[in-house]
Amino acid sequence: MFPPEDVILRILIAAAVLVLSYFLGGYVKSRLERVLSKFGAGFARKTSDLVRYFILFVGIAAMVSILSLDIMAISVIIVAILILLLVSMRDIVLNLAAELYLATRKPFKENDWIKVGEIEGSVKSIGGMDTEIITYDGDLVVIPNSYFLKHPIINKSQSLARYVELKLSFPKMKLDKLEQAVTEVLEEIKPELFGDPELLSMSEKDQIVEAHVSLPIVNVRKLRWLTARMAKGFLTRGIEVEIE
Amino acid sequence: MKVSVIFPTKNREHHVKRAVRTAFKAKGVEEVIVVDGGSRDRTLEIAEREGARVIVQSDLVYPGKGVAMRDGAYLARGDVLVYLDIDIRNMTPEFIEKLAEPVIRGEADFVKGCFERAAGRVTELVAKPLLRMFYPELARFKQPLSGEIAGRRSLFYMVEFERGWGVDVGLLIDFHKLGARMVERDIGYKDHDMKPLHALTDMAYEVAGAILRRAIRDQKTDPEWAERYLRGVRAIDLGLESGRGFA
Amino acid sequence: MRVLLIGGGHSAYFAANSIRGIDPDGKLIIIEFTSEKVEVLSKTFPFAEVVQQEIDGVESYIRSNASILDAVIAATESDSLNLRYCKTARENAVPLIIAILNNPMNEGIFAKEGVRHIINPYGIIPVELSEILGSATNIIYKTPSGSVMVASLRIEGEDELQKIRGKLRGSEDVSTLLVSSSGEIKSSIEEADARGRLYLMGSEEKLRKILGSFRGRRR
């Protein structure tokens, strides 16, 4: 056992070291956060928090050492716990890496129309942990940012309009009458398009006539509504149609 | 019911932090909005840092208090709006709670805050006499020009916001015309800078203009009304009509 | 295209006419808040569908029509309302969102809310004044994407002419046009006189580098 005055001195020094590491950690955190902010606020905050905790850990280790406790055993236990946590939270670590990737590389912005993996839609918001996308059907999909590290991202927003090709299948009938009907229906939906729609081709196949049209559209989510309007347009002309 | 607190402001960097923090402490406050009149200091930056929603008023005119109040109302999401001056030195969350409470409780649609302070010169010499003349039913308000008000957001969308200093009395009259239930609430002592005398001319002019415009709109100035009103005013008999004169 | 234009004031007037010119066959819907203005707008813009909505009702309208709207243009007389409507449009994935500002000082606030296309109707004032009053350098136009810029530089003297010639040598990605003091237009900097105004078109980064070295000049 140590003499009492020695114990008190050690406790005081240990406390001072702990307090110092606390404030040093806070100072380093704020400076680091400022420096890393160009990579994104969320990433900067999380990384600087990690550094702060590391400094605090070193302070605790020093405190334990000053108090002559068995630092080895405690350190091993703490490191083991940290490793277990990291392994179980690997997705969170991946998300942190993804956050850095999205902030620096900027493969897309809010309101862009993107396709990543099987998911396609408009980017509603880009967060630290996940990104929200509104799909073609109006569904809100929340994608963990780590998903973007594992799948290629196609940004379809480089131009204002997208040219969508549709296949129209009609029962066999006179081609010239059908062509006129298609032209009229396309004219009817033209106000909703970005430019002129185009009848690309029309051909007979067995008992079916197939037509391919190209529609320049801005809001991809509008497609379903447009195809419904087209179908209605054909129906009022007494023509059945299947649109793909 | 959620409350939005709105501070119209300009160049108030020394007041904004305390005001925004105090506002957030009040019960029911969902958001604090700072509408800036084109500050050249750090007002906006500090407001944003403290968590307030900020916007610069759409029209930078002087005086532009009404424009700022209107923009604040348009930006707000709360059901109840509370307007306060940002430079009240002794502001507490109770100021806001006292103003919002009657509306939240469903007892009133519009609340005018009154406070203990030296009588305002424009209030006593311009606003009150004109209100007594044209809107006697509003003469009961001790401080008709008070900028501390609260009301239902939907009603603020139905009234006209004067651009300048006449906005407070204009809102009072317009809410009255809408049939809103109006109360005046004592919010205590207000520690606030008063304007110097020379700055009051503009204010008086705007206030008078706001009341008179509404009086004309509400047909309170037609000859029939004037005659009815003047009949009630005691005239000093100089003997002019009777022909006695001064002789 | 189906465009929703919100507002019935000055900005909205100019916007409606512009949209008509850009997309004459398109569908334009104008939202106004008062019935009197709706009547006036219907007569002024017979090609548009004019709809009356309450202030809070506009957001519901945007939400329920977001899947078929191609663009929302917020052009009311209040930047607060414009901000609200742009935010709602963005949250509901309307592809194109444009705000026409009343107060240019709100540009940063709109940008923070994710509004990418912000029109400052007063932006032309410094440009026109600079040209008229003969400032040394002037940025005349920048494309919304910021990739292409048009700028002008006043040249006074042989030294400056040589300096700019040096900077432009090897810069095939910068186009130039020189207007001499006599009003003559020359397309090649090599033929230019020592006095005149040089117009440059190129990437913003490149032009700023070139113009930056001419900063600080006085008349």
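For clarity, every value in this text was computed on a predicted model and none was experimentally measured.

## Focus: the sheet that holds strand β1 (residues 113-116) of chain A
Residue and element names in this part refer to chain A.
Now for step 1: Taken together, the five strands give an open sheet; going across it, the order is β4-β3-β2-β1-β5, and neighbouring strands pair in antiparallel fashion. Of all the strands in the sheet, the pair left with one neighbour each is β4 (140-144) and β5 (153-155). Neighbouring strand axes in the sheet, compared pairwise and without regard to direction, differ in orientation by 40 degrees on average.
Now for step 2: Both β1 and β5 contribute to a ladder of three bridges, which runs antiparallel. Residue valine 116 lies in a different strand from β5, and its bridge partner there is isoleucine 153.

## Details of helix α8 (residues 204-212) of chain C
All names here are of chain C.
Now for step 1: Within the span of α8, buried status applies to Leu207, Ile210 and Leu211. Buried positions in α8, seen along its axis, are confined to an arc of 95 degrees and lie on one side of it. Facing away from the buried surface of α8 by more than 90 degrees, the exposed residues are Glu205 and Gly212.
Now for step 2: Tucked into the core, α8 has its buried residues touching β7 (137-142), β8 (148-156), α7 (158-168) and β11 (195-203).

## Comments concerning the interface of chain C and chain B
Now for step 1: The partner chain B presents 13 residues to the 13 residues of chain C that form the contact.
Now for step 2: Taken together, the residues of the side of chain C that touches chain B sort by class into five nonpolar, five polar and three charged.

## Topic: the environment of Phe7(B)
All names here are of chain B.
Now for step 1: Structurally, phenylalanine 7 is set in strand β1 (residues 3-9).
Now for step 2: Put simply, phenylalanine 7 and glutamate 50 are 43 residues apart on the chain and 13 Å apart in space, counted from C-alpha to C-alpha.
Now for step 3: If near-sequence neighbours (up to four positions away) are discounted, phenylalanine 7 is found in contact with Ala19, Val34, Leu84 and Ile86.

## A word on the interface of chain C and chain A
Now for step 1: Taken residue by residue, the interface counts 16 residues in chain C and 15 residues in chain A.
Now for step 2: Of the residues belonging to the side of chain C that touches chain A, the class tally is six nonpolar, three polar and seven charged.

Rules used throughout
Residues numbered from 1 in each chain as written. Chains lettered and ligands numbered in written order. Predicted model: local features only at pLDDT ≥ 70, side-chain atom pairs only at ≥ 80, totals over all residues. Pairing = 2+ DSSP bridges. Helix = DSSP H or I, 4+ residues; strand = E, 2+ residues; numbered from the N terminus. Axes fitted to C-alpha atoms, helices over the stretch in contact; angles between N-to-C directions. Buried ≥ 20, exposed ≤ 12 C-beta atoms within 10 Å, placed from the backbone. Arc of directions from axis to C-beta. Contact = placed C-beta atoms within 7 Å. Nonpolar A, V, L, I, M, F, W, Y, C, P; charged D, E, K, R; others polar.

Such coordinate-based values are descriptive only and should not be taken to indicate function.
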